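Coordinate analysis (summary)
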Amino acid sequence: MSIPNTFEIDIVKANSSHIDVVDFDNLTFGTVFTDHMLICDFKDGAWEKPIIKPYEPFLIDPSSKVFHYGQAIFEGMKAYKDEHDDVWMFRPDENLKRFNKSATRMAMPEVPEPIFIEGLKTLLDIERNWVKKGLGNTLYIRPFMIATGHGVIAQPSTEYRFMIILSPAKSYYSGDVKVIIAEHYSRAANGGIGAAKAAGNYSAQFYPTKLANEKGFQQIIWTDDATHTKLEEAGTMNVFFRINDTLFTAPTSERILDGITRKSIIDLAKRENINIEVRSVLVQELVDAANNGTLKEIFGAGTAAVISPISCFSYQNNEYQLPKLEDSFARQLKEKLTQIQYKLAEDTFGWTVKV
């Protein structure tokens, strides 16, 4: 699958690059950015011509609605370089679809496909030297949109800015991940914005996650807001549970994000003849499985971490250790997925897009 680059974009190149001073072997996730960024403004009911220009701060009015009413959405994607120095994106059409779904829920304008896809393709082509070869090396892609209209009246903005910035990345999580199951705090509620990648969803997690960190846990497994009996997401990731030889994950809903890594894992599991069920999993069901020895694995799935195995979970002040498996579903599925992303295996699904 390839996308022709026919959309007109203004390009202003940086006078010099700072790539030579970046230590690509010791990257802190999301802190180093490439030389260029894409900007496209929405004014007077229409999108203006996008521009790719040097990465730099920009001025914004203090009364811009993003500061006061939280109209802000984003996506998370990655680019990969194969053994032939070609650069690939992974399912960008799904990111665009989800981005515009988030925009609609937040009363923001949808971004046209040429601006999102071809703008990203052009930006990646300019920055292809920032995409390093080798498993684990990626270029993290952050498309986002903020409300830039002025005024503190409580109503949607009339002006917006869409941007794409790029950040070289390695592994997001390292070592064992311990989680605590939420008994009070909620990530999202029915009728809310949990299915949108809205900035406020993530800031609302910071405080309960801080409390979990203080107890020695890296993340929280979120439960439903009404009863706290159904397992939903793990930190900023979708979550999978293996009981005996069946893999379970919760269905998407108004509370649960439609993760692109999640749906890819579901398709891969089916292809590999791994029994998988998409249904609600109860907290008590997980505890019972841990107690009787049938709980084999828990892992989170998302763009940044790909697949992050969980070694231990806590519920009602009791800790439950997960067994260490040599041939886990998490390892198998991560290997199959990354082999496709890095073009080391045939992409039978048509997920990869060449830049």
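Up top you'll find the structure we're talking about.
Notes on the structure in this doc start here. Predicted model only: the values in this text are computed from it and were never measured.

Here the focus is the packing of aromatic side chains. The final tally for this structure, using the stated rule, is 15 aromatic pairs. Measuring from centroid to centroid gives 5.6 Å for Phe99 and Phe162, while their planes differ by 75°, and the two rings are edge-to-face. Placement of the pair is Phe99 in helix H2 (residues 92-105) and Phe162 in strand E9 (residues 160-169), with a sequence separation of 63 residues. Ring centres of Phe313 and Tyr320 lie 4.8 Å apart, and the angle between their planes is 15°; this geometry places the pair in the stacked category. Like Tyr320, Phe313 is buried. Members of the aromatic cluster, each reached through a chain of ring pairs, are Phe42, Trp47 and Tyr160. The ring of Phe217 is capped by Lys178, whose NZ or CZ atom sits 5.2 Å from the centre of that ring. We note Arg242 situated over the ring of Phe329; from NZ or CZ to the ring centre the distance is 3.8 Å.

What follows covers the environment of Thr148. Structurally, Thr148 is set in the loop between strand E8 (138-147) and E9. As for Thr148 and Leu27, which are separated by 121 residues in sequence, their C-alpha atoms are 31 Å apart. Polar contacts involving the side chain of Thr148 include one to the main-chain amide nitrogen of Tyr160, which spans 3.4 Å.

Here Thr352 shows up in strand E20 (residues 352-354). When its relative accessible area of 3% is taken as the criterion, Thr352 is described as buried. Polar side-chain contacts of Thr352 include one of 2.9 Å to the side chain of Lys343.

Attention now moves to the environment of Ile11. By the secondary structure assignment, Ile11 is in strand E1 (residues 10-11). The spacing of Ile11 and Ile51 is 40 residues in sequence and 5.7 Å in space, taken between C-alpha atoms.

Closest axis-to-axis distance for the helix H5 (residues 260-271)/helix H7 (residues 329-341) pair is 10 Å, and the angle between their directions is 110°. With respect to H7, the axis of H5 lies roughly perpendicular. Touching Thr261, Ser264, Ile265, Leu268, Ala269 and Arg271 of H5 are Leu333, Lys336, Leu337 and Ile340, all from H7. Residue classes in the contact of H5 with H7 are distributed as six nonpolar, two polar and two charged.

Attention now goes to the pattern of salt bridges. Overall, the coordinates contain 24 salt bridges when judged by the stated rule. Of the charged contacts, one joins Asp85 and Lys133 as a salt bridge, the two residues approaching to 3.5 Å between their closest N and O atoms. Taken together, the residues Asp85 in the loop between strand E6 (77-81) and strand E7 (87-90) and Lys133 in the loop between helix H3 (113-126) and E8 connect sequence positions 48 residues apart. Given the relative accessible area of 39%, Asp85 is considered partly exposed. Notably, a salt bridge pairs Glu277 with Arg279, separated by 3.3 Å at the nearest N-O pair. One connected set of salt bridges, linked through shared partners, spans Arg91, Glu94, Lys97, Asp258 and Lys263.

As a further point, take unusual backbone geometry. For Ala107, which is not glycine, the phi torsion reads 55° and is therefore positive. Among the secondary structure elements, Ala107 is positioned in the loop between H2 and H3. For Ala107, a relative accessible area of 43% translates into the label partly exposed. Its identity as a non-glycine residue notwithstanding, Gln316 has a phi of 50°, on the positive side. In this fold, Gln316 is placed in the loop between strand E18 (306-315) and strand E19 (318-321).

Criteria and cut-off values
- Residues numbered from 1 in each chain as written.
- Predicted model: local features only at pLDDT ≥ 70, side-chain atom pairs only at ≥ 80, totals over all residues.
- Heavy atoms only, no water.
- Phe/Tyr/Trp six-rings, centres within 6.5 Å; stacked < 30°, edge-to-face > 60°.
- Helix = DSSP H or I, 4+ residues; strand = E, 2+ residues; numbered from the N terminus.
- Buried < 20%, exposed > 50% of the residue type's maximum accessible area, 1.4 Å probe, protein only.
- Lys NZ or Arg CZ within 6 Å of the ring centre and 35° of its normal.
- Polar contact = N/O pair within 3.5 Å; in protein donor to acceptor, adjacent residues only side chain to side chain.
- Axes fitted to C-alpha atoms, helices over the stretch in contact; angles between N-to-C directions.
- Parallel < 35°, antiparallel > 145°, perpendicular 65-115°, else oblique.
- Contact = heavy atoms within 4.5 Å.
- Nonpolar A, V, L, I, M, F, W, Y, C, P; charged D, E, K, R; others polar.
- Salt bridge = Lys/Arg side-chain N within 4 Å of Asp/Glu carboxyl O.

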